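Here's the letter readout for the chains.
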Amino acid sequence: MSRPSPRESIRSHRLPKMEQWQRVVIAAGAAVGLTAATTIAAALALTSDEPAGDAAAGPATHQASSDQGGEAASDAAPAEVQASALPQSDGMCDRTAGPAPEVVVTEVDADVIGNGGRGDTDPLPAAIAATPDGRSWLAWDGTDDRIHLTRLDCGDQAEGDPIALEGIDLQDVIADADGVTVLLTREGACGDGPLCGGSSSPCATMHMVRFDNAGTQVWERQVTNLGDGLDGYDDGARFVWWYQHHGRLASDGTNTAAYFGVAITVANGGCVDIHQGDRMQVVDADGDLADHGDAFAVGCSHSWTTRIAWNADRDEFGMVCATDNQCRIAVPAYTTVAAGDCDGTLFGGDLVTAPDGGYWTAWSQGGQARLEHFTDGPSDSTVDTGADTGHPHLVSYGAAHMLLAWESGDGMTAQVYGADSGDAAGDPFDIDVPDHPYQAFKAYPDGSAAFPAAGDGGSIRIARVMPLS
């Protein structure tokens, strides 16, 4: 059968307007003709022996190519990549700290897709990453069917020429002293199937792409497993379909981990069923899949709002998902952090490490945001924030605080909380940029936090909450 281009079809093949957990449950039932219970049991049974890193992902390459097996490619930069040397760092950014949060908004020219589509399968407009010296890398999904990447100076102004690279959906970006890594999806192959039920949709792959500070691509790595003869509609495939697939990155300083939603293909007689869950893979500094104890082929199922953070005190990548498996916020797979209800309003909203070695996570139920503190499983402290929102954001804000933010009218409202106690500190304040439920604030080494808000006028507004004194 003929199919539209992956970028057009993946973005247009949307579900009816329903809440996120209902979409996922109906996706499994409608597409494969199974009950949710059968879906989960079959998917987990088929994946129990799968190694965390899949050989089918192939070797790292040095080109932003669309090959699915990751076969070796030329070291030459592809034509769509336009890079130039960036100015050398002049030391740590010196942002002014104050007794109360101050918000500075800076506009960056970017031909971004805009902030219109905000469903759980819609493409994300932008993502930002902090560097160790307090500068930034900004990534955005462009109107030219490319993902773009540029560096920002201490004043959140673009410096150097932007990089344009192949990609369908931008997911996240993370940076260190030597460069930047982008998480994105690319075109994949579905193969012949056949599906046991439902209609076909384009298949895609999830990739990390690494650049050095001069804008030269260093490596790329597929973290789904298509290639080497394995297509999306083949038994054992782990790929990106029309299901919710958003993901986040975290780093331990050497290795980079990606935690994201994934489609799970399982044989069912002469056809295949395709389920939805999540997946975590770790890539080392050379761009190779790492045999890491925290990685897994499939964790929560069904899964949405996958969140990850590196916890140096525990020497682990900590994770939480929102799942309709017992309707909860859970550590994959599965330890309950907070019990919820499958009423269409269960949403996970970010994960940060706590000073005591544990974690704080934000989540919402019934349009009310909560904070939960946990270490190995069930929450040991709950904060009812009073924030009326279905989509809270949480980010570390200096060493002693956290920042909770949520949509309020045409902008956002934020509140500072103590990272030890979870107690509110000071008064709520406004952030005059539009929210996006699936984008993230990022923490900076100077104690500030930043959010990349995409407007509809061809620019991104960086909202920076300046550090506390």
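The structure reproduced in this document is the subject of the present report. (Residues numbered from 1 in each chain as written. Predicted model: local features only at pLDDT ≥ 70, side-chain atom pairs only at ≥ 80, totals over all residues. Heavy atoms only, no water.)

### As for the overall build of the protein
Then step 1. For the protein, the count of helices and strands is 3 helices and 28 strands.
Then step 2. Burial analysis of the protein (469 residues in total) assigns 59% to the buried set.
Then step 3. Total accessible area computed for the protein in this model is approximately 16500 Å², and 47% of it derives from carbon and sulfur atoms. (Helix = DSSP H or I, 4+ residues; strand = E, 2+ residues; numbered from the N terminus. Buried < 20%, exposed > 50% of the residue type's maximum accessible area, 1.4 Å probe, protein only. Areas by Shrake-Rupley, 256 points an atom, 1.4 Å probe, with all protein chains shown as cover.)

### So, the sheet that holds strand S26 (residues 442-443)
Then step 1. A sheet is described by the order of its strands in space; here 4 strands give the open sequence S1-S28-S27-S26, paired in antiparallel fashion. For this open sheet the edge positions go to strand S1 (103-109) and S26, each flanked by a neighbour on one side alone.
Then step 2. Judged from the 7 bridges that link them, S1 and strand S28 (residues 459-465) form a sheet pairing that is antiparallel. When the bridges of S28 are listed, Thr106 appears paired with Ile462. (Pairing = 2+ DSSP bridges.)

### Re the sheet that holds strand S19 (residues 359-365)
Then step 1. Taken in spatial order, the 4 strands of this open sheet run S18-S19-S20-S21, and their pairing is antiparallel. This sheet does not close on itself; its edge strands, each paired only once, are strand S18 (347-353) and strand S21 (381-388). Averaged over all pairs of adjacent strands, the angle between strand axes in this sheet comes to 20°, irrespective of strand direction.
Then step 2. Pairing of S19 with strand S20 (residues 368-374), which is carried by 7 bridges, proceeds in the antiparallel orientation. Each residue of the ladder has a partner; that of Gln365, found in S20, is Gln368. (Axes fitted to C-alpha atoms, helices over the stretch in contact; angles between N-to-C directions.)

### Digging into the state of the cysteines
Then step 1. According to the stated counting rule, one finds 5 disulfides in the structure shown.
Then step 2. Across a sulfur-sulfur distance of 2.0 Å, Cys196 and Cys271 are joined as a disulfide pair. The sign of the 100° torsion about the S-S bond sets the Cys196-Cys271 disulfide as right-handed. With a gap of 75 residues between them, Cys196 in the loop between strand S7 (179-187) and strand S8 (204-212) and Cys271 in strand S13 (residues 271-283) connect regions that are remote in the sequence.
Then step 3. For Cys196, a relative accessible area of 27% puts it in the partly exposed group. (Disulfide = S-S within 2.5 Å.)

### Quick word on the pattern of salt bridges
Then step 1. Per the stated rule, a full pass over the model turns up 12 salt bridges.
Then step 2. A salt bridge links Arg210 to Asp176; its shortest N-O distance comes to 2.9 Å. Separated by 34 residues along the polypeptide, Arg210 in strand S8 and Asp176 in strand S6 (residues 170-176) bring together distant segments of the chain.
Then step 3. Its relative accessible area of 27% is what places Asp176 among the partly exposed residues. (Salt bridge = Lys/Arg side-chain N within 4 Å of Asp/Glu carboxyl O.)

### Structural notes on the environment of Thr413
Then step 1. Tracing the chain through its elements places Thr413 in strand S24 (residues 411-418).
Then step 2. Relative accessible area serves as the criterion here: at 11%, Thr413 is assigned to the buried category.
Then step 3. For Thr413 and Ile431, which are 18 residues apart along the polypeptide, the C-alpha to C-alpha distance reads 5.8 Å.
Then step 4. Setting aside residues no more than four positions away along its own chain, Thr413 makes contact with Leu404, Ala405, Trp406, Ser408, Pro428, Phe429 and Asp430.
Then step 5. Polar side-chain contacts of Thr413 include one of 3.2 Å to the side chain of Ser408. (Contact = heavy atoms within 4.5 Å. Polar contact = N/O pair within 3.5 Å; in protein donor to acceptor, adjacent residues only side chain to side chain.)

### Things to note about the side chain of Asp324
Then step 1. Summarising the element assignment, Asp324 is placed in the loop between strand S15 (316-323) and strand S16 (328-331).
Then step 2. Despite being buried, Asp324 has no salt bridge partner; Arg328 is the closest side chain of opposite charge, sitting 8.7 Å away.
Then step 3. Among the polar contacts made by the side chain of Asp324, one reaches the side chain of His302 at a distance of 2.9 Å. (Lys, Arg positive; Asp, Glu negative; His and termini not counted.)

### Considerations on the nonpolar core
Then step 1. Ranked by internal contacts, the top residues of the largest apolar core, which has 17 residues, are Leu183, Met206, Met208, Val223, Leu249, Ala258 and Phe260.
Then step 2. Contributions of two or more residues to this core are made by S8 and strand S12 (256-268).
Then step 3. The element that contributes the greatest number of residues to this core is S12, accounting for 5 residues.
Then step 4. Setting aside anything within four residues of it in sequence, one finds Leu249 in contact with Asp172, Val173, Ile174, Thr181, Val182, Leu183, Met208, Thr256, Ala257, Ala258 and Ile308. (Core = buried A, V, L, I, M, F, W, Y, C linked by side-chain atoms within 4.5 Å.)

### Focus on the pairing of strand S9 (residues 217-222)
Then step 1. Extensive coverage of S9 is indicated by the burial of 5 of its 6 residues.
Then step 2. Note: S8 against S9, 5 bridges, orientation antiparallel. Bridging from a neighbouring strand, Arg210 pairs with Trp219 of S9.
Then step 3. In this structure, the hairpin formed by S8 and S9 is closed by a connection of 4 residues, where Gly215 is found at a positive phi of approximately 90°.

### Re the packing of aromatic side chains
Then step 1. Applying the stated criterion across every chain, the model contains 11 aromatic pairs.
Then step 2. Summarising the aromatic geometry, the rings of Tyr233 and Phe239 are spaced 6.5 Å apart at their centres and angled 70° between planes, so their arrangement reads as edge-to-face. We note that Tyr233, like Phe239, is buried.
Then step 3. Here the aromatic cluster, defined as three or more aromatic residues joined through ring pairs, consists of Tyr233, Phe239, Trp241, Trp242 and Tyr243.
Then step 4. Here the basic side chain of Arg370 rests over the ring of Trp363, its NZ or CZ set 5.0 Å away from the ring centre.
Then step 5. The side chain of Arg464 reaches across the aromatic face of Tyr444, ending 4.1 Å from its centre. (Phe/Tyr/Trp six-rings, centres within 6.5 Å; stacked < 30°, edge-to-face > 60°. Lys NZ or Arg CZ within 6 Å of the ring centre and 35° of its normal.)

### Thoughts on the pairing of strand S3 (residues 136-141)
Then step 1. Within S3, 6 of the 6 residues are buried, leaving the element largely enclosed by the surrounding structure.
Then step 2. Both faces of S3 are covered, namely the face carrying Ser136, Leu138 and Trp140 and the face carrying Trp137, Ala139 and Asp141.
Then step 3. One ladder, built from 5 bridges, connects strand S2 (residues 126-130) with S3; its direction is antiparallel. The residue of S3 that forms the bridge with Ala130 is Ser136.
Then step 4. Following S2, the chain reverses through 5 residues before pairing antiparallel with S3; Gly134 in that reversal takes a positive phi of roughly 90°.
Then step 5. Bridge analysis of S3 against strand S4 (residues 147-152) gives 6 bridges, and the strand direction is antiparallel. Residue pairing for S4: Asp141 is matched across the bridge by Ile147.
Then step 6. Remark: 5 residues form the turn of the hairpin made by S3 and S4, two consecutive strands paired antiparallel; Asp145 in that turn has positive phi of roughly 65°.

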